[in-house]
Structure formats: structure tokens, C-alpha cells
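Take a look at the letters that make up each chain.
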Amino acid sequence: MKDVTLQVERSPFADWACGHPFYDVVFNWIIQRIFGLSEPSVLLVVGPTGVGKTTLIAHLIQELARRMTAAMHADPSRLHKVYAEAVYIPTRGFDWEGLFTELLEDANEILIDRKVPAAWPPEKPNLKGLASAVNKMLLHHAPPACIIDEGGSFLESDSDESLKRTLEYLKSIGNRSRTHVVIFGDYRLAKMVQFSGQLNRRCHVTHFANYPEGYEAQFKLVVGSFDARLRALKIEADLTGAADLLFKETCGCVGLMKRWLENTWLEGQQLNRAIDRSALVATPIPVGAVLKWRAEIASGHEAIRSFFEGPSSHRK
Amino acid sequence: MNSEHPTLFEPDRCLPEIDLSPVEIPPRSRLICLKPLGGETREPESLWSYAHRLSEAHALCFFDFILYFISGYKMLLFGHDKKMVETGSWKHLVMAMSGSPFGARIADLLGQLTGRTDLRNLTLAPASKIEGLTIRPRAGQAWCPHCLAEDTEPYERLHWAVADVTHCHKHGVPLAQTCSQCGKGQKMFSARSSVLRCVHCGHPKNHPGKPPEPSDLPEDVFGRWASGEVAGWLHATGCGELAKANIGIRSLNFDLCASMPEINGVTCLSERIGAGRTTARDWMKNNRGIPLKMALRWSWLCGVGLPRLFTVVLSLRDFRYRPLPSALINREQITRKAPVPADSAALYLAVLKLSAANPFMAPRLNALTASSGVHFKHPAFKEPHYLKLIHRLRERERIFFRKERIWREVSEVHAAAIKVVEGGHRLGRNRVGREMERPGCFCGQLARAYLAWFKKRFRNGDESVLRPKEIPLDVRAYWSFEKAAKTTKGG
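Residues numbered from 1 in each chain as written. Chains lettered and ligands numbered in written order. Predicted model: local features only at pLDDT ≥ 70, side-chain atom pairs only at ≥ 80, totals over all residues. Heavy atoms only, no water.

Describing the overall build of chain A
Working step 1: When helices and strands are tallied, chain A shows 12 helices and seven strands.
Working step 2: The 316 residues of chain A split such that 54% are buried.
Working step 3: Taking all contacts inside chain A whose residues are at least 6 apart in sequence as the whole, residues at least 24 apart take part in 75%.
Working step 4: When the accessible surface of chain A is summed, it comes to about 14500 Å², and 52% of that surface belongs to carbon and sulfur atoms. (Helix = DSSP H or I, 4+ residues; strand = E, 2+ residues; numbered from the N terminus. Buried < 20%, exposed > 50% of the residue type's maximum accessible area, 1.4 Å probe, protein only. Contact = heavy atoms within 4.5 Å. Areas by Shrake-Rupley, 256 points an atom, 1.4 Å probe, with all protein chains shown as cover.)

Here's the deal with the overall build of chain B
Working step 1: Secondary structure assignment for chain B yields 19 helices and three strands.
Working step 2: Every one of the 491 residues in chain B was classed for burial, and the buried ones make up 47%.
Working step 3: Considering only contacts in chain B between residues 6 or more positions apart, those separated by 24 or more positions represent 65%.
Working step 4: Carbon together with sulfur atoms contributes 54% to the accessible area of chain B, which is approximately 25400 Å² in total.

Comments concerning the interface of chain B and chain A
Working step 1: Across the boundary between the two partners, chain B contributes 48 residues, which contact 61 residues of chain A.
Working step 2: On the surface where chain B and chain A come into contact, there are one salt bridge.
Working step 3: The partner of D64 of chain B in a salt bridge is R114 of chain A, with the nearest N and O atoms 3.8 Å apart.
Working step 4: Summed over the shared surface of chain B and chain A, the result is 15 residue pairs in polar contact (both at pLDDT 80 or more).
Working step 5: Here the side of chain B that touches chain A takes four residues from helix α2 (residues 62–69) of chain B, the largest share from any one element.
Working step 6: Partitioned by chemical class, the residues of the side of chain B that touches chain A number 29 nonpolar, nine polar and 10 charged. (Salt bridge = Lys/Arg side-chain N within 4 Å of Asp/Glu carboxyl O. Polar contact = N/O pair within 3.5 Å; in protein donor to acceptor, adjacent residues only side chain to side chain. Nonpolar A, V, L, I, M, F, W, Y, C, P; charged D, E, K, R; others polar.)

Topic: the nonpolar core
Working step 1: Of all hydrophobic cores here, the largest spans 96 residues; its most connected members are I30, F154 and F226 of chain A.
Working step 2: Per element, the largest residue contribution to this core is eight residues, and it comes from helix α1 (residues 21–36) of chain A.
Working step 3: Sequence-distant contacts of I30 of chain A, that is, excluding residues within four places in its chain, are made with L43, V45, L56, L60, V182 and F184 of chain A.
Working step 4: Counting 37 residues, the second largest nonpolar core, distinct from the first, contains I110 of chain A together with C61, F69 and M188 of chain B. (Core = buried A, V, L, I, M, F, W, Y, C linked by side-chain atoms within 4.5 Å.)

Focus: the packing of aromatic side chains
Working step 1: The tally for this structure, following the rule as stated, stands at 27 aromatic pairs over all chains.
Working step 2: Their ring planes at 65° and their centres at 6.2 Å tell us that Y23 of chain A and F208 of chain A sit as a pair that is edge-to-face. With Y23 of chain A in helix α1 and F208 of chain A in the loop between β7 (203–207) and α7 (216–232), the pair connects residues that are 185 residues apart, well separated along the chain. As far as burial versus exposure is concerned, Y23 of chain A and F208 of chain A are alike and both buried.
Working step 3: Centre to centre, the rings of F219 of chain A and F247 of chain A are 5.3 Å apart; their planes meet at 65°, and the pair counts as edge-to-face. Here F219 of chain A, found in helix α7, pairs with F247 of chain A, found in helix α8 (residues 243–249); they are 28 residues apart in sequence, far enough to count as distant.
Working step 4: Classification of F219 of chain A by relative accessible area gives buried; the value is 1%.
Working step 5: The class of F247 of chain A is buried, set by a relative accessible area of 8%.
Working step 6: These aromatic residues form a ring-pair network of at least three members: F22, Y211, Y215, F219 and F247 of chain A.
Working step 7: Across from the ring centre of Y155 of chain B, 4.2 Å away, lies the NZ or CZ of R157 of chain B, which sits over that ring. (Phe/Tyr/Trp six-rings, centres within 6.5 Å; stacked < 30°, edge-to-face > 60°. Lys NZ or Arg CZ within 6 Å of the ring centre and 35° of its normal.)

Topic: the pattern of salt bridges
Working step 1: The tally for this structure, following the rule as stated, stands at 23 salt bridges over all chains.
Working step 2: Between D108 of chain B and R120 of chain B there is a salt bridge, with its nearest N and O atoms 2.8 Å apart. Of the two residues, D108 of chain B sits in helix α5 (residues 102–114) while R120 of chain B sits in the loop between α5 and α6 (125–128), which places them 12 residues apart along the sequence.
Working step 3: For D108 of chain B, a relative accessible area of 33% translates into the label partly exposed.
Working step 4: Judged by its relative accessible area of 33%, R120 of chain B falls in the partly exposed class.
Working step 5: Two residues, D462 of chain B and R457 of chain B, come together in a salt bridge whose shortest N-O distance is 2.3 Å.
Working step 6: Judged by relative accessible area, R457 of chain B falls into the partly exposed class, the value being 30%.
Working step 7: The network of salt bridges with common partners includes E63, R66 and R67 of chain A.

Focus on the side chain of Q141 of chain B
Residue and element names in this part refer to chain B.
Working step 1: As for its placement among the helices and strands, Q141 is situated in the loop between β2 (133–134) and α7 (145–150).
Working step 2: Of note is the side chain of Q141, whose polar atom sits 2.3 Å from the side chain of K205.
Working step 3: In this structure, Q141 is in contact with W48, A176, Q177, Q186, K187, M188, S194, V199 and K205, ignoring residues within four places of it in sequence.

Let's talk about the confidence of the model for chain B
Residues and elements named next belong to chain B.
Working step 1: Across chain B, the average pLDDT comes to 75, with 73% of residues at 70 or higher.
Working step 2: Ranking the helices and strands of chain B by mean pLDDT puts helix α1 (residues 47–57) first, with 91, and helix α9 (residues 261–264) last, with 35.
Working step 3: Across residues 239–281 the pLDDT falls below 50, and counting only partners more than four positions away or on other chains, this stretch makes 92 contacts in the model.
Working step 4: Long-range and interchain partners of residues 331–340, a stretch whose pLDDT sits below 50, account for 17 contacts in this model, where long-range means more than four residues apart.
Working step 5: Taken together, the chains of this predicted complex give a pTM of 0.70 and an interface ipTM of 0.85. (pLDDT = per-residue confidence, 0-100.)

Re the pairing of strand β2 (residues 82–85) of chain A
All names here are of chain A.
Working step 1: Side chains V82 and A84 of β2 all project onto a buried face; the interleaved residues Y83 and E85 project onto a face where none is buried.
Working step 2: Note: β2 against strand β5 (residues 145–149), four bridges, orientation parallel. What sits directly across from V82, in β5, is C146. (Pairing = 2+ DSSP bridges.)

Brief notes about α1 of chain B
Working step 1: Of all 11 residues that make up α1 of chain B, 10 are buried, and the element is covered over most of its length.
Working step 2: Residues L47, W48, S49, Y50, A51, H52, R53, L54, S55 and A57 of chain B constitute the buried set of α1 of chain B.

Observations regarding the side chain of T264 of chain A
Residues and elements named next belong to chain A.
Working step 1: One can find T264 in helix α9 (residues 254–271).
Working step 2: Classification of T264 by relative accessible area gives buried; the value is 1%.
Working step 3: If we skip the residues at most four places from it in the chain, T264 touches I275, A279, L280 and T283.

Thoughts on unusual backbone geometry
Glycine aside, residues mostly have negative phi angles, and peptide bonds mostly take the trans form.
All names here are of chain A.
Working step 1: Backbone geometry at D15 places phi at a positive 55°, although glycine is not the residue there.
Working step 2: Note that D15 resides in the segment before α1.
Working step 3: Phi is positive for C251, close to 60°, though the residue is something other than glycine.
Working step 4: Summarising the element assignment, C251 is placed in the loop between α8 and α9.

In C-alpha cells form, the structure reads like this:
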């Protein structure tokens, strides 16, 4: 009988990433604050979709593990991180229960469905118990950072007031458990950034930006690294000739470029075609998606700019 | 506001690869590696309290922690995975948590789950290894409200889990065992059990405020001292200082009472705390451990510290009489007529002296009063050690005179029967009776039985019956003694 199993090669960019100027600055910024600040803080990392946040989180987790190895050898219950993704459920609002459960599962906590807020008075397991369990878990396992991805889900609150309370609550988690809370999110999180200044000094914000207009030369360096990677794996490619196209279509987002290149590589495999400008043109990113990204980035940049430099009226 | 906007570039830099290779993470413990409390204050925490803190650190009720998590490790704990009647079984197991050997098993399990190696020290297991000593864990809870009030993080001390510890050595107050509000005892395993709250009404167990003045009642004085001894001792065993402490108890094999005449002098003074009426030998004979309470009493009376009592081979020189606290003696003198120790000793010595002079008879009351100078209504005549000795002598006297009476009758019948045979007469009862020195005494069954036996042997031609009877030495000695003193029993 003929073997019909589809043979799929692993992507050339799987488990591979290159550091680039914007990436390094943000990564160092996070590490400096996690290990340098004496008071627990909320660190907000805001950036557009596909800029490389997921890679940054993976790298951050590896780096925390490397730095915490000695401490983890000394204390068998110490953790180097706890990680969860924030989730918004349309009919129920922000899923706090899901977030707490995911954090506790990541910390390998026991009997998550039986958490109670206090030993006395006796209560049935509830959300308050889960929140208390997260606090206690962070306090006792003492990870240097509690990483929450997809922080934009917090912004799905009904009102500004509830958003403010959400941020207050996240800050209090960090305060009570003496742990830095690092929240990664897209430009929806920019709204939270506006509140953070009003809240207190323990909120730190950084912008993990795409390469904007005027930074083509720097982006070309990144494209060169991807090209070198493909050549190292003996994949026929010529990306330097398509750097301007990549820059334009991906809005200077390295993550989006990576995804586009992977897609082109997959398509090219079947046709036995090199990854070059013509191959990229043949597998274009939908125009609607590009336009949406551009609009999102423009509004996000404006929000961030107004946060750092004041509103446009003030700037005039 | 602490915010930055990354704008710096180094365009000519070669972009490095990011190292995303997985980092080897050491194995993590399943439970939080909590540090046991009380190491600094020399009052270690009990395992029950540690398990409570552990369940709280995991935001769990203690009941759930045991019933749904620890019970999942039945194989490690019991060597089987059979279904148990959960709540009922665990109720008793939790009560035994601070003791040994179940405490040791739970400590080992929690040690594996938390990554700690020192959890056995939170149980009585190290102290229970000491040969010949029995330490009973308490079935319920006991606590000092003032200690709990002073704690930054309240915890139950290990020595509170010992059944024989009744007081707080720090504040001098008896340990509480019931809630001050509802008056109910505290269960160790319940959905509401807590270190700091009443199981029933939730009233706090810690009482802020000044503790009362320590009382000078004998129970309190002894209780405070015993609690301090046990607390220090458990800390020492926890630290491994007494790891080889299994030789000492054998040195108590000699009769402590032999070194205790002067201690016995105050036996009734120390009655409430108990005196060494039972010797170590008695306990060892029965292959039982000496109860901790008794070891503490000996330690008090002999002036030998508890660790020394169990760690080194003691000689008589190690023992010295340790007087009771003056407050205790004064109180006893007021409340009851205390015998003068010298009188007790004199009476005891008089008994020994008179029984040595006449080993066949117990000394009579008039002889004792005359010899010791102690009045017969003196309380020394009711002291246990005197009564024990005099009862022993009286029992010996009763047994001896029964034996002496038998031999007296038998020897008289024997001598009379030989005279009748030599006279050529028939061995009749009347004839033999007439030949006896005291003919009237031939009326007992014993004499008749012996005569019947004699006649039977004689008719069968056994010549050995005609030989003189061999009387036991002690009976002959008594007859000589009687003849010399011209005294007879009852006459």
C-alpha cells in the first residue's frame, strides 16, 4: 500500500531568532528592571502585532532560568517565572479565573479547584481563593517575574473605571507577593498606559516598536540576518533585493516578516522555487491585513507618543 | 513616571543569534519548601503545625490538604493503595502525626514533597528512638495562649504535643486544652482545625496581655520544670546531640530505692509529683519503656538532668538528693502533718535492726517504738516504704511459722512412733499419742496422715522409716533460738 503520509520539513526559522536593535533595547530594559528595582512593579511592554513579542517572552524566560539556576538549586521550591495568557470571554468579560488557574498550573500548584481565601472562617473554594492562592504562590515560590501575555484582553473591560481597577489589582498582586508583573500586549494596551501614569510610580512602560519610516537601513540588517540563516541551511534565497518590499508590506515588524518568509518558503518548497522578490510577490500578504496593521500602528504610535510627549495640542 | 523610548541604533553591528536553547532547570519540589519555625528560640514546631502552615501557604484548608492530597500517597505511607474509610482513618492518623512511627513516615513524605531533610525533627520520632523510654503524644491540642500572642507567626510547639507536658515553662501557666469562650476541646483533624482559632466557635487561642503570676502549687512548680526539661531535650534530640542516646537507661537497672532512704524521707512530701516507687528494673523486666513522666520524676528527685539520665552510664555517686522548692515544702507543712525525715529514717533502721536480731519474726510495734523512739501514731508508720518492708517481714514470718508447725508435729509423731515400735506395741493412734511429749496435740489431720504413712512403710518392711527425721536447718535454728531465748511462738 502506498504511503500517503505528508512529509513536512521543519521551518528554517523554528527555534531561531536574531537580536536586533529595537529588540535588544527592550530586552535589556526588562532585565534591568526585574533585577534592578527594589520595589515590585508592573512592567508594561506595548508593541504592534507581529513585532516579536512572543520571541521576546521565550528569550526572557530562558534568561530568567539562566540567572535563577543558583537560587533554584538552593531552594527547591523557587521558580524562575510564572507565565499565563490573559483571556477575554465575550459574554463574561475578562476571565480572571482562567488567568489565575493558568498561573497556578504553570507553578505546578496542587488542588487548584480547592483553593480557599483563608483557613478561617471556612469557605467553599471560590475566585477569591484563587486570587489568594496566586498571591501566596508568588510569595512563596518567589519568581523574579510573573509574565502575562496578551495583556490587551484586560482592555476589554466595560468602562475606564473597571480598567483602572484592573490595573490597580494587578499592581496589588505584585505588591503583596513582592514580584514584578510583566504584561505584554498590543496597542490595545496603550489605553492602559494612559492610566498607568495616574496610578503611581510603580508602573513602568516601554514601547516595543516596529521599524518606522526612515529606519530602512536598520531593517535591512535584520533582513540580512534572515538571508544568512537561509543560506546557512542551504536554502536558495535572495532577501536583500526584497528588503524594501519586506519593509513596506510588514510595516517594519520583524515577526510579521518571519511569518511571511515561512509562508513563502512552504509555497516555494512545492514549486522548488528560491525565496526571492518574485516568490514574495507571488505569495503576498492580503492588502486588507496590511492596511489594518498600518492603521493600528498609526493609532498606537499616536497613543504612545501622547503618553511620552503629551497630547498633540500640548506639543503644539 | 519611569518610561523610555528606544531610539538608539548601531547600524554597523552584526546581528547576533538569540540563544533559545532550553536551560536545564533543577527538579522542583511539589510543595513549598517552608522553613520550620522555632529553630532560633529552641522551641521547635510540631509536624502538625508545619502541615497546617503548609496547607495555608497553598491556600488550602488543612482538611482538604490531608484528605485529597496526602491521601494520594497511600503507597508511600502504608505500602498499599487500598481504599480507606477516609475521614475516620485520617482522624486517628493526624492525631498521631507528631508522634512516632507514623509521624516519621509523614515527615519523610513531606520531606520528599518539599525537598527538606529536617522534618523528622518536628516529630517525637528522634526522641522515641531512646531505648527504654516511652513518650506518648497528646491526643488533642494544647497551647499556651501567651506564647501564641507573642509569636510573629503563631505556631504549635513540639513539646506541647507531649502528653506529659502540662505547663508552659516560659510563662508558668498550665497549657490550655479547651477554648476559653466555648469551653470545648480542640480536634486535631477537622474542616475547621486551625493553629490559632477554636475549631468550634472560631475564638482566637492567643490571649494578648500580661500572663498571671506563676503559682507555687506543687503541680505547677513541677509542671513548669518538666516542660522546660522536655522542650530543651526535644530541641537537643532534634539537633542530633542525643543521636546516640540509647545506652543510658540501662544504667538505671540497679534498684534506685537502695539509694533513696533520704529521698524516701520526703516521699509523702513529693506524693503529688510522685516518688520513685517503681524501679527502673521493674519496667525493664516487663520489656516496657519507662513513661516520660516517671523519668522526669526520677530526674527531679535524683538531681540528674533528663539528657544525662538517658545518655551516660550513671553510678550511685551521680545521684544527689534534690530538695523540693521551699514554697512547696512550706505549703505541705501547713496543709498536712509532715513527718520529720529523721524519724522516718530511724523507724526504717529500727525495722532492719530488729529483723536482723530475730530473722524469724516481724518486729512488734512495742519493740519498734522502744527501739526507734518514734511514737506509734507518728505518720512515719504509714509511709509506703515502711509499710512495704513490714508487710514483707510479716509475710515471711507467716510462711515460716506454718512450716515450723508442720515440722514440729511430724518430728513429734515420728519420735513417738519409733518409741512404740521399739516397745513392741501396735502402732495405734492412742498409743502413739500417749508417747508424745505433748499428747494433747495429736489431733490434727497432718499427724494422722503422717502416722498412716509411717505405718504403711513399716508394714512393708521399710527400715529407713525408723531412722531419725532430718529437720530443715532454719527450723532447727529457730528451735535453738527459742530454747536460748526461752520464748515460743504464741506462748
